[in-house]
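Residues per chain, in single letters:
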Number of protein chains: 2
Amino acid sequence: MKALMLVCDGMADRPVRELKGRTPLEVAKKRNMDALARRGITGILDPIAPGVRVGSDTTHLALLGYDPYEVYTGRGPFEAAGVGLKLRQGDIAFRCNFATVDENWVVLDRRAGRISRGTDELARAINRIKIPGVEIIFKESVSHRGVLILRGKKLSHKVSDSDPHVTGEKVRKVRALDASPEARKTASIVNAFSEKVHKVLRGQPANMLLLRGCGASPRLQPFKEKYGISGACIATTGIIKGIARLAGMEVIEAKQDYSARIKQGLGTLNRYDFLLMNIKEPDEASHDHDAKKKIQLIEEIDKALKPLLEFSKKNYLLLLSDHTTSLAYGDHTGDSVPVVLCGPEARTDYVKKFDERSTAKGGLGRIKGQDLMPLLLDLMNRSEKFGA
Amino acid sequence: MKALMLVCDGMADRPVRELKGRTPLEVAKKRNMDALARRGITGILDPIAPGVRVGSDTTHLALLGYDPYEVYTGRGPFEAAGVGLKLRQGDIAFRCNFATVDENWVVLDRRAGRISRGTDELARAINRIKIPGVEIIFKESVSHRGVLILRGKKLSHKVSDSDPHVTGEKVRKVRALDASPEARKTASIVNAFSEKVHKVLRGQPANMLLLRGCGASPRLQPFKEKYGISGACIATTGIIKGIARLAGMEVIEAKQDYSARIKQGLGTLNRYDFLLMNIKEPDEASHDHDAKKKIQLIEEIDKALKPLLEFSKKNYLLLLSDHTTSLAYGDHTGDSVPVVLCGPEARTDYVKKFDERSTAKGGLGRIKGQDLMPLLLDLMNRSEKFGA
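Predicted model, so just to flag it, every value in this text is computed and none were measured. Numbering of residues starts from 1 in every chain and runs along the sequence as written. All chains are assigned letters beginning at A, and all ligands numbers beginning at 1, according to the order in which they are written. In keeping with the model being predicted, local features are shown solely for residues with a pLDDT of at least 70 and side-chain atom pairs are shown and tallied solely at 80 or more, while totals for entire chains, interfaces and linings include all residues. Side-chain numbers come from the whole structure's heavy atoms, not from hydrogens or water.

**Q** Before we move on, can you summarise the sheet that holds strand β10 (residues 274–279) of chain A with the specific residues and values?
**A** Residues and elements named next belong to chain A. Whether two strands pair depends on DSSP finding at least two bridges between them. A run of H or I in DSSP counts as a helix once it spans at least four residues, and a run of E counts as a strand once it spans at least two, with each numbered from the N terminus. Ordered in space as β9-β8-β10-β1-β11-β14-β2-β15, the eight strands form an open sheet in which the pairing is mixed. In this open sheet, the two edge strands, each paired with only one partner strand, are β9 (250–253) and β15 (365–368). The sheet shows a mean angle of 25° between the axes of neighbouring strands, taken without regard to direction. Strand direction decides the pairing type here: strand β8 (residues 231–235) and β10, joined by four bridges, are parallel. Its bridge partner lying in β10, Ala232 is registered against Leu275. Here a residue-residue contact requires only that any non-hydrogen atoms of the pair lie within 4.5 Å. Helix axes are fitted to C-alpha atoms over the stretch in contact, other axes to C-alpha atoms as well, and angles between N-to-C directions run from 0 to 180 degrees. The strands touched by helix α14 (residues 372–379) are β1 (3–8), β2 (41–46), β10, β11 (316–320), β14 (337–342) and β15; relative to β11, the strand with the most contacts, the crossing angle is about 160°.

Below is the structure:
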């Protein structure tokens with residue numbers, strides 16, 4: 001018996017004015033999602049807790065059963081794992097942008113013209129930077145993005161960003177965010193690093209790295225050890241891949257076409273007990289305030305889900321949005337999301353549609369992200385009994 | 001004003017294939033339970049948390065408002081209290097089986113032919129065993145069962161079972177489960193005890209004790225002190241009685257016939273404010289995969305509940321299953337259970353039937369085992385105000 005957790009990123013929404021107060025899920029024609037709602041047990045889910053605005057990173061940690069408040073100190077380490085860097089205990093990591101600054105370090109372009117070529121060569125120069133007592137590990141990523149790991153004794157993730165987050169402002173001095181000597185030492189190392197980066201990149205359009213999201217290498221109990229089942233992940237975004245890698249799951253490059261991707265997922269489940277699959281695009285449509293696009297994407301995804309009706313007769317399927325991404329606000333919000341759980345022994349309910357309002361009447365009631373793995377393992381009869 | 005918490009053990013179920021996807025509660029004719037659902041406020045309850053597979057012991061602790069993660073280290077002490085042994089702080093206790101082993105300590109029969117007579121004499125021999133620095137307190141229980149208490153300085157419950165849990169394997173050496181000197185010392189005491197038991201029982205059909213479920217004597221705040229009301233318990237199983245005793249509740253031997261037992265319960269409530277009543281049989285039918293028997297038991301229990309319709313006009317009644325016991329799986333599962341709360345000031349809802357799916361639409365929503373006592377005390381106007 002297998003289990004698929006299919007996460008449609010940011011698919012849930014608030015009532016949208018241009019949709020006459022309905023949500024994209026309520027407007028879209030989605031025969032397969034509704035069929036799953038009829039066959040399964042539905043509910044609404046708070047990714048972390050009611051009203052808490054979450055990132056895709058913190059949510060996916062919770063969905064996999066990890067406590068984000070315990071393991072998440074910043075996005076850096078997850079990005080690092082996402083680009084394939086191996087973290088060690090004690091490492092700290094930042095997300096980076098290649099940027100263009102003037103002679104006074106005022107940011108002219110936070111993305112260095114969305115530079116797309118030659119960053120591998122810049123990365124080599126950055127990796128040659130020497131700072132006593134600390135190892136520098138930098139890797140360029142898609143477009144202007146990159147990841148920096150600092151490895152050394154007594155480093156702290158409690159340091160601020162050098163990224164001012166807007167153009168026209170100076171690159172910020174990194175500050176210690178607590179009173180520890182470790183944080184002060186780390187801040188001065190990072191500031192020295194920024195000086196050297198600007199030197200080695202001098203004359204380039206990308207003549208600076210902006211650092212943000214510093215975090216400490218998290219200790220995630222391996223998925224297999226935690227649950228006794230094997231797990232894989234199919235995703236397109238680095239951060240989701242990074243989380244899966246840090247949890248010791250196999251990460252598989254996603255096919256682009258949704259139907260091909262669902263088939264790829266079902267194929268993967270021949271080799272693994274559990275698969276986490278993330279479909280990123282609905283979230284991006286919401287960030288772009290594009291209601292029409294979001295509805296269209298939901299309908300496209302829906303068409304690809306047909307094989308899951310058969311799959312969920314003998315296996316378990318969880319379909320959900322990882323968080324609400326509001327078309328009006330253009331960012332994640334803390335609203336709950338619809339969820340449906342289908343499979344041979346799931347207690348069905350009376351809900352017939354998969355959307356925010358319908359599933360609020362479902363048999364699961366209101367649950368949390370961290371409840372999903374226990375619910376799933378229990379239905380698979382794979383959980384330990386507490387007591388006798 | 002009085003309160004009765006009536007727990008039908010393992011009565012909830014998953015959809016059952018041979019019942020065409022319905023549950024025993026959905027199939028059974030249960031006029032009184034449904035009448036209570038119509039008159040009360042219903043909901044679904046996670047004994048501990050969503051998806052957590054619980055024992056009857058850990059659940060009953062939660063239902064009485066104790067945190068099982070805090071007080072439950074193993075079943076031993078609750079069994080000990082169940083057979084009437086008085087535990088002291090620092091004691092550790094095991095559940096025991098009289099067993100038959102060969103000369104190499106290979107287990108031939110884990111229950112010594114379900115020995116039923118003469119175990120009191122074997123117990124006397126065991127209680128004469130001397131081990132320096134530790135007091136041995138053994139008591140035989142029903143059939144081949146017994147309980148062992150070890151009393152001494154610096155004992156630890158972090159030790160493994162000597163019971164191999166299957167025939168044909170050797171009695172296990174008890175190991176320390178953590179690195180503490182206390183656990184190592186305890187393991188060596190228990191292994192020395194097993195040697196001596198085998199010596200004093202030599203030549204008997206029951207020539208060994210198999211030990212399991214070691215736990216430390218829990219510190220349960222007395223029920224009366226915790227809630228300001230007096231409590232009693234009517235049950236047939238030792239473990240439930242043990243929990244009630246450790247909570248300082250009066251334990252009353254249950255009458256066999258369900259109607260007589262309900263009347264016995266109402267009579268008991270002349271002397272106590274609160275009564276916990278456990279009816280064990282539905283759980284056993286599920287462990288035996290016997291759907292027909294389970295439905296029949298539910299109908300028999302239902303008939304006995306008629307007096308509760310009158311009782312709950314002026315008093316509060318909670319009717320629930322303590323956990324789901326799946327007919328298909330034959331063991332407890334982590335699914336939620338239906339619950340109904342009836343009484344003069346309970347907010348009623350629109351639910352008309354007492355079963356898993358119907359009560360999921362109830363006015364209580366999805367609550368937890370540890371929520372019940374506060375809800376009950378509040379309706380009885382017996383709870384302290386937090387704040388002003």
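**Q** Which residues make up the layout of surface pockets, and what are the values?
**A** Only protein atoms enter the 1 Å grid, on which a cavity is a set of points fitting a 1.4 Å probe that cannot get out and a pocket is an open set with protein on both sides within 12 Å along at least 5 of 7 lines, lining residues being those with an atom within 4 Å of a point. Grid points are joined across faces, edges and corners, and a volume is the space filled by probe spheres set on the points. What the largest pocket holds in volume is close to 1,500 Å³. In terms of lining residues, the largest pocket is bounded by 45 residues, among which Ala388(A), Arg75(B), Glu79(B), Arg95(B) and Arg212(B) are the most central. Broken down by secondary-structure element, the contributors of at least two residues to the lining of the largest pocket are β16 (385–386) of chain A together with α5 (76–82), β4 (92–101), β8 (208–216), α9 (238–246) and α11 (281–287) of chain B. The residues that make up the lining of the largest pocket include at least three from each of domain 1 (3–72 + 219–379) and domain 2 (77–216) of chain B. When its volume is computed, the second largest pocket comes out at roughly 1,100 Å³. Contributing to the lining of the second largest pocket are 34 residues, with Arg75(A), Glu79(A), Arg95(A), Arg145(A) and Lys280(A) lying nearest its centre. Amino acids outside the nonpolar list (Ala, Val, Leu, Ile, Met, Phe, Trp, Tyr, Cys, Pro) and the charged list (Asp, Glu, Lys, Arg) are all regarded as polar, and Gly is one of them. Across the lining of the second largest pocket, the residue classes tally to six nonpolar, 13 polar and 15 charged. Boundary definitions for the domains trace back to an automatic or database domain assignment.

**Q** I'd like a description of the domain arrangement of chain A, backed by residues and values.
**A** Residues and elements named next belong to chain A. When cut into domains, chain A gives domain 1 (3–72 + 220–379) and domain 2 (77–216). The C-alpha-based centres of domain 1 and domain 2 are spaced at 33 Å. Listed as interface residues are 10 residues of domain 1 and, on the opposing side, eight residues of domain 2. When two components associate, each loses some accessible surface as probed by a 1.4 Å sphere; the sum of these losses over both components is called the buried area. Between domain 1 and domain 2 lies a buried interface of about 650 Å² when both sides are counted; carbon and sulfur atoms form 76% of it. Considering only the surface of domain 1 that becomes buried against domain 2, Ile239, Arg245 and Leu246 emerge as the three largest contributors, covering 56% of it. One side-chain nitrogen of Lys or Arg within 4 Å of one carboxyl oxygen of Asp or Glu is enough to make a salt bridge. Counting across the domain 1 and domain 2 interface gives zero salt bridges.

**Q** For the packing of aromatic side chains, give the residues involved together with the corresponding values.
**A** Within 6.5 Å between ring centres, the rings of Phe, Tyr and Trp (the latter by its six-membered ring) count as paired, and their orientation is classed by plane angle as stacked under 30 degrees, edge-to-face over 60, tilted in between. Under the counting rule described, the total for this entry stands at 10 aromatic pairs over all chains. Taking 5.4 Å as the distance between ring centres and 15° as the angle between the ring planes, the aromatic pair formed by Tyr72(A) and Phe78(A) counts as stacked. For every residue, the accessible area (1.4 Å probe, protein chains only) is compared with the maximum for its type, and the residue is labelled buried under 20%, exposed over 50%, or partly exposed between those bounds. Taking relative accessible area as the criterion, Phe78(A) reaches 0% and is therefore assigned buried. Plain terms: the ring middles of Phe98(B) and Phe138(B) are 5.7 Å apart, the flat faces sit at 80° to each other, and that makes the pair edge-to-face. Here Phe138(B) lies in strand β6 (residues 134–140) and Phe98(B) lies in strand β4, a separation of 40 residues in the sequence.

**Q** An account of the packing of helix α2 (residues 31–39) of chain B against helix α13 (residues 306–314) of chain B is needed here, citing residue identities and associated values.
**A** Residues and elements named next belong to chain B. It is at 9 Å that the axes of α2 and α13 come closest, and there the two elements cross at 20°. It follows that α2 is roughly parallel to α13 by the angle criterion. Crossing geometry of α2 relative to α13 is assigned as right-handed. For the pair α2 and α13, contact is made by Asn32, Ala35, Leu36 and Arg39 and by Lys306, Leu308, Leu309, Ser312 and Lys313, respectively. Tallied by class, residues from the contact of α2 with α13 come to four nonpolar, two polar and three charged. Should an angle fall under 35 degrees it is called roughly parallel, over 145 degrees roughly antiparallel, and 65 to 115 degrees roughly perpendicular, with every other angle called oblique. Crossings are classed by handedness, with left-handed meaning an anticlockwise turn of the near helix from the far one by less than a right angle and right-handed meaning a clockwise turn.

**Q** I'd like a description of the relation of the copies chain B and chain A, backed by residues and values.
**A** Each of the two chain copies goes to the other by way of a rotation about an axis and a shift along it. Superposing the copies works by least squares over the C-alpha atoms of residues that have pLDDT at least 70 in both of them. For the pair chain B and chain A, the relating rotation is 124°, the translation along its axis is 0.1 Å, and the fit reaches an RMSD of 0.2 Å. Taken together, the rotation and translation relating the two chain copies correspond to the operation of a three-fold axis.

**Q** Go over the sheet that holds strand β2 (residues 41–46) of chain B with me, naming the residues and quoting the values.
**A** Residues and elements named next belong to chain B. Reading across from one edge, β10-β9-β11-β1-β12-β15-β2-β16 is the order of the eight strands in this open sheet, with mixed pairing throughout. In the strand order of this sheet, the two ends are held by β10 (250–253) and β16 (366–368), each with one partner. For this sheet, the mean inter-axis angle between neighbouring strands, taken without regard to orientation, is 25°. In terms of strand pairing, strand β12 (residues 316–320) meets strand β15 (residues 337–342) through four bridges, oriented antiparallel. By the bridge assignment for β15, Leu318 is matched with Leu341. The sheet strands contacting α2 are β2, β12 and β15, and the helix crosses β15 at an angle near 65°.

**Q** How would you explain α2(B) if you had to name every residue and give the values?
**A** What α2(B) keeps buried is the set Asn32(B), Met33(B), Asp34(B), Ala35(B), Leu36(B) and Ala37(B). Packed against the buried residues of α2(B) are α1 (24–27), β2, α12 (291–304), α13, β12 and β15 of chain B.

**Q** Can you tell me about the interface of chain B and chain A, naming the residues and giving the values?
**A** In this assembly, 36 residues from chain B lie in contact with 21 residues from chain A. Counting the surface lost from both chain B and chain A, the interface buries some 2,400 Å², and carbon and sulfur atoms represent 50% of this. Considering only the side of chain B, the residues that lose the most area to chain A are Arg14(B), Arg53(B) and Arg357(B), jointly responsible for 28% of the buried surface there. Here Lys385(A) and Asp331(B) are joined by a salt bridge, their closest N and O atoms 2.8 Å apart. Whenever two N or O atoms come within 3.5 Å, that pair is a polar contact, provided that in protein one can donate a hydrogen and the other can accept it, and provided that, for residues adjacent in sequence, both atoms are side-chain atoms. Taken together, chain B and chain A are joined by 18 residue pairs in polar contact (both at pLDDT 80 or more). Elements with a contribution of two residues or more to the side of chain B that touches chain A: β3 (53–54), α3 (56–63), α4 (68–71), β13 (324–326), β14 (331–333) and α14 (356–359) of chain B. Here the side of chain B that touches chain A is composed, by residue class, of 13 nonpolar, 11 polar and 12 charged. In this structure, β16(A) lies alongside β3(B), joined through two bridges in parallel fashion.

**Q** Got a sec to walk through the side chain of Asp13(B)? Specific residues and values, please.
**A** Counting through the fold element by element, Asp13(B) comes out in the loop between β1 (3–8) and α1. A polar atom in the side chain of Asp13(B) sits 3.4 Å from the side chain of Ser286(B). Asp13(B) has contacts with Arg347(A), Thr23(B), Pro24(B), Ser286(B), Lys294(B), Thr324(B), Thr325(B), Ser326(B), Leu327(B) and Glu356(B), leaving out every residue within four places of it along the chain.

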